[in-house]
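Each chain, written out:
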Amino acid sequence: MRRSRAWFTALLLPLFLPAGRLDGQAHVRLGVDRLADSLPKILVGKRVGLITNHTGRDRAGTPTIDLLAARKDMKLVALFGPEHGIRGLASGRVDDSKDEKTGLPVYSLFGATQKPTDAMLQNIDALVFDIQDVGVRQYTYLSTMGLAMQAAAQKRIPIVILDRPDPIGGRIVEGNIREQGMDSFVGLYPIASRHGLTAGELALLYNKEYKIGADLHVVPLDGWKRTLWSDQIDLPWIKPSPNLPTFAGVINYPGTVFFEGTNLSEGRGSDNPFEQTGAPWLRAQEVADSMNARHLPGVRFVAVDFAVLPTARKYPGQVIHGVRMVATDREIYRPIATTMRLIEMIRRLHPNDFEWRRSTASPEAAERYYFDTLTGSMRTRTAIESGTLDALLAEWDRDAQRFSETRKPYLLY
């Protein structure tokens with residue numbers, strides 16, 4: 001197997017200079033922007049497959065597909081789409097297709113397979129990955145990246161990661177490390193739930209810590225600092241998927257994703273998905289008051305009613321009672337611990353209505369609660385049900401600290 005290496009030099013390392021700031025925002029150049037300077041030598045003259053979606057574009061808004069298709073020093077021969085497809089609009093399984101603009105084949109990595117097959121890679125000399133992530137283990141885009149790295153290593157072809165910022169910053173690490181035997185597409189490797197890493201950094205960690213052995217090259221960012229959130233840099237906001245249209249949703253998502261494992265709505269089909277939770281039976285004001293009385297750091301709870309679209313999975317076409325999480329200080333707000341405490345409170349106040357949702361992915365998966373899959377743990381439900389959540393969250397804090405140490409050798413910024 002080829003030895004893993006990161007493609008960056010002193011000239012390519014980020015420059016943290018005060019110049020280039022616009023209206024108080026930091027000037028950041030993406031990995032894809034740096035291709036205008038020079039193409040990584042590993043791609044020169046190669047037939048390239050690009051793993052991307054609608055978020056893959058440069059500062060000017062030009063899709064990475066178009067940028068690579070126009071180059072004369074390499075040949076773009078295939079496209080690969082993650083969950084939600086190449087255009088970021090699909091729900092559920094995505095089929096293979098053809099790109100209308102370039103005529104290139106589009107292979108789905110959220111359909112019959114989640115990992116590039118030998119047949120897909122037959123005429124490809126190198127892979128390029130350019131997708132905006134949200135900084136959370138349960139979000140599948142970086143699982144797609146990890147599986148693509150595995151396929152590239154097995155095929156002995158290089159893979160290049162065009163780096164992008166972690167939109168919720170790179171300073172905060174939160175949540176548990178996925179437990180052994182709980183691997184899934186929402187928990188490919190045992191990392192912290194909120195990992196605080198860019199795609200390039202996580203690729204380096206995956207490659208070394210989990211012995212993928214890919215011929216890995218990272219084109220790093222220029223101008224990004226770990227303290228920066230997405231709204232503090234001078235790049236336009238592009239919703240990463242249909243149910244994360246707002247940055248407020250992304251801030252809450254590390255925690256609110258866990259509502260997917262319950263019979264509470266996570267806000268899908270509403271105007272504020274992943275900012276709120278609810279159900280027709282929820283005594284929203286009582287829940288909000290009870291949570292506000294706990295004085296959790298950096299967040300307040302507001303009782304709301306919200307309409308759900310007829311196409312939503314939970315409570316379609318209904319107006320339901322809900323609680324919205326409003327971050328008052330995102331630097332101290334911990335959405336994962338907050339959501340666990342909120343689930344505990346709702347279950348305590350609604351013992352006859354609250355339910356854990358079973359997985360529907362396959363007959364085998366149906367034996368497991370989806371909440372367990374999301375948390376990457378068989379112990380979280382038990383802790384909530386037995387009143388031992390405080391002890392478990394303290395353990396999760398230790399997990400986060402341990403992962404903070406594990407990730408140190410792979411930090412580029």
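What you are looking at is a predicted structure, and each value in this text was computed from that prediction instead of being measured. Starting afresh in each chain, residues are numbered from 1 along the sequence in its written order. Since the coordinates come from a predicted model, pLDDT governs what is reported: local features require at least 70, and pairs of side-chain atoms require 80 or more to be given and counted, while whole-chain, interface and lining totals use all residues. Heavy atoms throughout the structure, all of them, feed into the side-chain values; hydrogens and water do not.

Engineer: What is the right way to read the overall build of the protein from this model?
Structural biologist: Think of it this way: any DSSP run of H or I at least four residues long counts as a helix, any run of E at least two long counts as a strand, and we number them from the N terminus. Helix and strand counts for the protein stand at nine helices and 12 strands. Principal-axis analysis of the C-alpha atoms places the extent of the protein at approximately 65 × 50 × 35 Å. Sorting the 413 residues of the protein into buried and exposed places 58% on the buried side. It only takes one pair of heavy atoms within 4.5 Å for two residues to be counted as in contact. Considering only contacts within the protein whose residues lie at least 6 apart along the sequence, 75% involve residues at least 24 apart. Surface accessibility in these figures is a Shrake-Rupley result with a 1.4 Å probe; residues are shielded only by whichever protein chains are displayed. Carbon and sulfur atoms provide 51% of the accessible area of the protein, an area that totals close to 17,100 Å². Distance from the positive charge centre (52 side chains) to the negative charge centre (47 side chains) of the protein: 5 Å. Categorising residues by exposure relies on relative accessible area from a 1.4 Å probe, with only protein chains included: less than 20% of the type maximum marks a residue as buried, more than 50% marks it as exposed, and the intermediate range marks it as partly exposed. This count recognises Lys and Arg as positive and Asp and Glu as negative, with His and chain-terminal groups excluded. For this purpose, a charge sits on NZ of Lys, CZ of Arg, CG of Asp or CD of Glu.

Engineer: What am I meant to see in the environment of Gly103 here?
Structural biologist: Examined against the element boundaries, Gly103 turns out to sit in the loop between β3 (97–98) and β4 (105–108). Considered as a pair, Gly103 and Val77 are 26 residues apart in the sequence and their alpha carbons are 9.5 Å apart.

Engineer: Explain the sheet that holds strand β11 (residues 299–307) to me, please; I cannot follow it from the model alone.
Structural biologist: Sheet architecture is open: three strands sit in the order β10-β12-β11, paired in antiparallel fashion. If you trace the sheet from one side to the other, it starts and ends with β10 (276–279) and β11, each paired once. The sheet shows a mean angle of 25° between the axes of neighbouring strands, taken without regard to direction. Axis definition: a line fitted to C-alpha atoms, over the contacting stretch in the case of helices. Angles run 0 to 180 degrees between N-to-C directions. On the sheet, helix α5 (residues 284–292) packs against β11 and β12 (319–327) and is oriented at approximately 170° with respect to β11. Any two strands between which DSSP finds at least two bridges are classified as paired.

Engineer: Got a minute to help me understand the side chain of Gln150 in this structure?
Structural biologist: Considering the arrangement of structural elements, one finds Gln150 in helix α2 (residues 141–155). Its relative accessible area of 19% is what places Gln150 among the buried residues. Other than its neighbours up to four places away in sequence, Gln150 contacts Lys115, Tyr189 and Ile212.

Engineer: Which parts of the structure should I look at to understand the sheet that holds strand β2 (residues 75–81)?
Structural biologist: Two pairing modes exist for strands in a sheet, parallel and antiparallel, and in both the strands are linked by backbone hydrogen bonds. On the basis of which strands lie adjacent, the open sheet formed by seven strands has the order β3-β4-β2-β1-β5-β6-β9 and mixed pairing. Two strands close off the open sheet at either side, each with one partner strand: β3 and β9 (216–219). The pairing of strand β5 (residues 126–130) with strand β6 (residues 159–162) spans three bridges and is classified as parallel. Among the inter-strand pairings, Val128 is bridged to a residue of β6, identified as Val160.

Engineer: Would you mind going over the confidence of the model for the protein with me for this structure?
Structural biologist: Should the pLDDT be low somewhere, the predicted coordinates at that spot are not to be read in detail. Note on scores: pLDDT gives the predictor's confidence for each residue, bounded by 0 and 100. With 92% of its residues at a pLDDT of at least 70, the protein reaches an overall mean of 93. The low-confidence segment residues 1–22, where pLDDT is below 50, has 50 contacts with residues more than four positions distant or belonging to other chains.

Engineer: Explain the environment of Gly88 to me, please; I cannot follow it from the model alone.
Structural biologist: Structurally, Gly88 can be placed in the loop between β2 and β3. Using a relative accessible area of 4% as the deciding quantity, one classes Gly88 as buried. In sequence terms Gly88 and Ala69 are 19 residues apart; their C-alpha atoms lie 20 Å from each other. In this structure, Gly88 is in contact with His54 and Pro242, ignoring residues within four places of it in sequence.

Engineer: It is not clear to me how the environment of Val326 should be interpreted in this structure. Could you clarify?
Structural biologist: Position of Val326 among the secondary structure elements: in strand β12. Residue Val326 is classed as partly exposed on the basis of its relative accessible area of 24%. As for Val326 and Ser193, which are separated by 133 residues in sequence, their C-alpha atoms are 21 Å apart. Excluding anything up to four places from it in sequence, Val326 contacts Gly298, Val299, Arg300 and Val302.

Engineer: Sorry if this is basic, but what is going on with the pattern of salt bridges here?
Structural biologist: Side-chain pairing between opposite charges can occur once the charged atoms of the two side chains come close. The term salt bridge refers to a pairing of a side-chain nitrogen on Lys or Arg with a carboxyl oxygen on Asp or Glu at a separation within 4 Å. Tallying each qualifying case throughout the model produces 24 salt bridges. With a shortest N-O distance of 2.5 Å, Asp99 and Arg87 are connected by a salt bridge. Here Asp99 is found in the loop between β3 and β4, whereas its partner Arg87 is found in the loop between β2 and β3, with 12 residues between them in sequence. Under the relative-accessibility criterion, Arg87 is labelled partly exposed at 46%. Salt-bridge contacts for Arg330 lead to Asp231; the nearest nitrogen and oxygen are separated by 2.9 Å. Remark: Asp231 occurs in the loop between β9 and α4 (247–256) and Arg330 occurs in the loop between β12 and α6 (335–349); sequence separation between them is 99 residues. Here Asp231 falls in the partly exposed class, since its relative accessible area comes to 37%.

Engineer: Would you explain the packing of α2 against helix α3 (residues 199–209) in this entry?
Structural biologist: The interhelical angle for the contact between α2 and α3, taken along N-to-C directions, is 45°, at an axis separation of 10 Å. Considering their axes alone, α2 and α3 lie oblique with respect to each other. At the point where α2 passes α3, the crossing takes the right-handed sense. Between α2, through Leu142, Met145, Gly146 and Met149, and α3, the contact on the second element is made entirely by Ala199, Leu202, Ala203, Tyr206 and Asn207. In the contact of α2 with α3, the residues fall into seven nonpolar, two polar and no charged. Roughly parallel means an angle under 35 degrees; roughly antiparallel means over 145; roughly perpendicular covers 65 to 115; every other angle is labelled oblique. In a left-handed crossing the near helix is turned counterclockwise from the far helix by less than a right angle, and in a right-handed crossing that turn is clockwise. In this classification, the charged set is Asp, Glu, Lys and Arg, the nonpolar set is Ala, Val, Leu, Ile, Met, Phe, Trp, Tyr, Cys and Pro, and all remaining amino acids, among them Gly, are polar.

Engineer: What am I meant to see in the pairing of β9 here?
Structural biologist: The two faces of the sheet receive side chains in turn, since in a regular strand these alternate between them. The alternating pattern of β9 places Leu216 and Val218 on one face and His217 and Val219 on the opposite face, and all of these are buried. The sheet contact formed by β6 and β9 spans four bridges and is parallel. Bridge pairing links Val160 to His217 in β9.

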